[in-house]
Amino acid sequence: MNIFPYSTKFNLLLVTVTTVFTAGLNLPTQGQQAGSIEMKIHPDRWSEWYRPADQPVFTKEYGNNHDAVIFREPGHPYPYQMIVSHETSGAQLWRAQSFSWSSSDWELVSAEYNIGGHYEYDDGVKVNDTYYLFEQGIVYTYRGDLADGDGNWQRAGTYPQDQCDDIGVYYENGLFHIFGEYGRFPHGPDGTSLSHFTSSTGLGDWKLVDTKAVDPNPDGSATYGVGDPTIAKIEGTYYLFCDRESEDTPYRVTGWRTDDLTSRFEYLGEVITPRSNQVDDWDNHRIQDADILYVPELSRYVMVCNMKDIDGNPGGDFESNHLGEGETRVVGFFYSGAVIEIR
């Protein structure tokens, strides 16, 4: 199967749009309330996402797979390339000549791809001939074919992790934008909002735009935690998808939108949710850490997300310092319900 171009961190020229309705869409409800918080949900076709297969797991091999960063390289012999976090010993680098949600159609370039010895990598973007990868307040850069990048990424800059953690990055018109966790969520490692910083280099001199660019707690409480955003510009509108959890509700992916990056994002609702009532699915506990990409072969956007199961069913070999007995952690793809042609 095939789907979208570039790292989705780019300006899109949109020509025709067709909305399709597909079985299995995770549609947002028309209202949501938790405690004293009630947030208006804005209907939007880009909030409709579905599973392309019943179990859209990229691979169940290589253990603890999570926090993928995906790129598209037009003109490259392998246009689709994806870094999948694993353990501090190294990530995985995959590549494919055409898009598929299944690893059987991809080539594993390296199962121990060394960037900086981190457990995970937040997000990345390619600008001109340079890749930028962000993690733990550090900006890594690399120029060249990703297949030759093992051990060759350079520690080139920093960003304010204490005010913008687990970030998503977007580049447009000479400016890097990062959105990340801000404030303390008492029930997990998230922020109570997403802050927004900008930089002309992506390596430093970050300027604060807003500490509540995405705010799931408009009453000032800490009911919801948010983090790990990904951003795309579609039909002139900026869409941000990020994790959200509460004290009793594990991660799911929520959608937000704005017409201007200097303005705060509006809430679209939950767009991808785990199948909590199913005991034999890979995604029956939580879904998080989305990374978005446009795939021209499919005329759709896709998001690759972490999926976690804690009942040991369907099982697998998932030995990890970060997983409990019987737990599984994999990445899998979700497709947009709307299709769009970009020329």
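Going by the structure above, here's the rest.
Quick summary incoming for the structure in this document. (Residues numbered from 1 in each chain as written. Predicted model: local features only at pLDDT ≥ 70, side-chain atom pairs only at ≥ 80, totals over all residues. Heavy atoms only, no water.)

If you add up the space inside the largest pocket, you get close to 310 Å³. Glu120, Asp166, Pro189, Gln288 and Arg329 are, among the 20 residues lining the largest pocket, the residues nearest its centre. Looking at the lining of the largest pocket, the elements that each hand over two or more residues are strand S13 (165-172) and strand S21 (286-295). Considering every element that reaches the lining of the largest pocket, the biggest residue donor is S21, with three residues. Along the lines of polarity and charge, the residues of the lining of the largest pocket split into three nonpolar, four polar and 13 charged. (1 Å grid on protein atoms, 1.4 Å probe; cavity = no way out; pocket = protein on both sides within 12 Å on 5 of 7 lines; lining within 4 Å. Points joined across faces, edges and corners; volume = space filled by probe spheres on them. Helix = DSSP H or I, 4+ residues; strand = E, 2+ residues; numbered from the N terminus. Nonpolar A, V, L, I, M, F, W, Y, C, P; charged D, E, K, R; others polar.)

As a further point, take unusual backbone geometry. Although it is not a glycine, Asp67 adopts a positive phi angle of roughly 50°. Mapped onto the secondary structure, Asp67 falls in strand S5 (residues 66-72). By relative accessible area, which is 2% here, Asp67 ends up buried. In the Ramachandran plot, Asp228 falls in the positive-phi region, its phi being about 50° despite a non-glycine side chain. Along the chain, Asp228 turns up in strand S17 (residues 224-234). (Buried < 20%, exposed > 50% of the residue type's maximum accessible area, 1.4 Å probe, protein only.)

What follows deals with empty space enclosed by the protein. Going through the model one piece at a time under the given rule, you end up with one cavity of 30 Å³ or more. Each pocket or cavity is described by its volume, and for the largest cavity that value is around 80 Å³. Those elements giving two or more residues to the lining of the largest cavity turn out to be S5, S17 and S21. With three residues, the single largest contributor to the lining of the largest cavity is S21. Among the residues making up the lining of the largest cavity, the classes are represented as five nonpolar, no polar and six charged.

This next bit is on the nonpolar core. Within the largest apolar cluster, 24 residues are counted, with the highest numbers of intra-cluster contacts made by Trp49, Phe241, Val253, Ile272, Tyr301, Met303 and Cys305. Of all elements in the fold, only S17, strand S18 (237-246), strand S20 (266-272), S21, strand S22 (300-309), strand S23 (328-336) and strand S24 (338-342) reach the threshold of two or more residues within this core. Counting 19 residues, the second-largest nonpolar core is a separate cluster that includes Ala68, Val84, Leu293 and Val331. (Core = buried A, V, L, I, M, F, W, Y, C linked by side-chain atoms within 4.5 Å.)

Time to look at the sheet that holds strand S19 (residues 249-258). Read across the sheet, four strands follow the order S17-S18-S19-S20 without closing on themselves; strand pairing throughout is antiparallel. Each edge of the open sheet is held by one strand with a lone partner, namely S17 and S20. The sheet shows a mean angle of 30° between the axes of neighbouring strands, taken without regard to direction. Examined bridge by bridge, S17 and S18 share nine bridges and lie antiparallel to one another. What sits directly across from Thr230, in S18, is Phe241. (Pairing = 2+ DSSP bridges. Axes fitted to C-alpha atoms, helices over the stretch in contact; angles between N-to-C directions.)

This paragraph deals with the pattern of salt bridges. What the rule picks out here adds up to 16 salt bridges. Linking Asp210 and Arg264 is a salt bridge whose minimum nitrogen-to-oxygen distance equals 2.7 Å. Taken together, the residues span a long stretch of sequence, with Asp210 in strand S16 (residues 207-214) and Arg264 in the loop between S19 and S20 at a distance of 54 residues. In this structure Asp210 comes out as buried when scored by relative accessible area, which is 15%. When its relative accessible area of 48% is taken as the criterion, Arg264 is described as partly exposed. Taking the shortest distance from any N to any O, the salt bridge between Glu270 and Arg252 comes out at 3.4 Å. Of the two residues, Glu270 sits in strand S20 while Arg252 sits in strand S19, which places them 18 residues apart along the sequence. The class of Glu270 is buried, set by a relative accessible area of 19%. Because the salt bridges share partners, they merge into one network encompassing Arg51, Asp54, Arg275, Asp281 and Asp283. (Salt bridge = Lys/Arg side-chain N within 4 Å of Asp/Glu carboxyl O.)

In total, this model carries 22 aromatic pairs according to the counting rule given. Measuring from ring centre to ring centre gives 5.4 Å for Phe58 and Trp106, while their planes differ by 85°; the resulting arrangement is edge-to-face. Placement of the pair is Phe58 in the loop between strand S4 (49-50) and S5 and Trp106 in the loop between strand S7 (90-96) and strand S8 (107-113), with a sequence separation of 48 residues. Exposure remark for Phe58: the relative accessible area of 2% places this residue in the buried category. (Phe/Tyr/Trp six-rings, centres within 6.5 Å; stacked < 30°, edge-to-face > 60°.)

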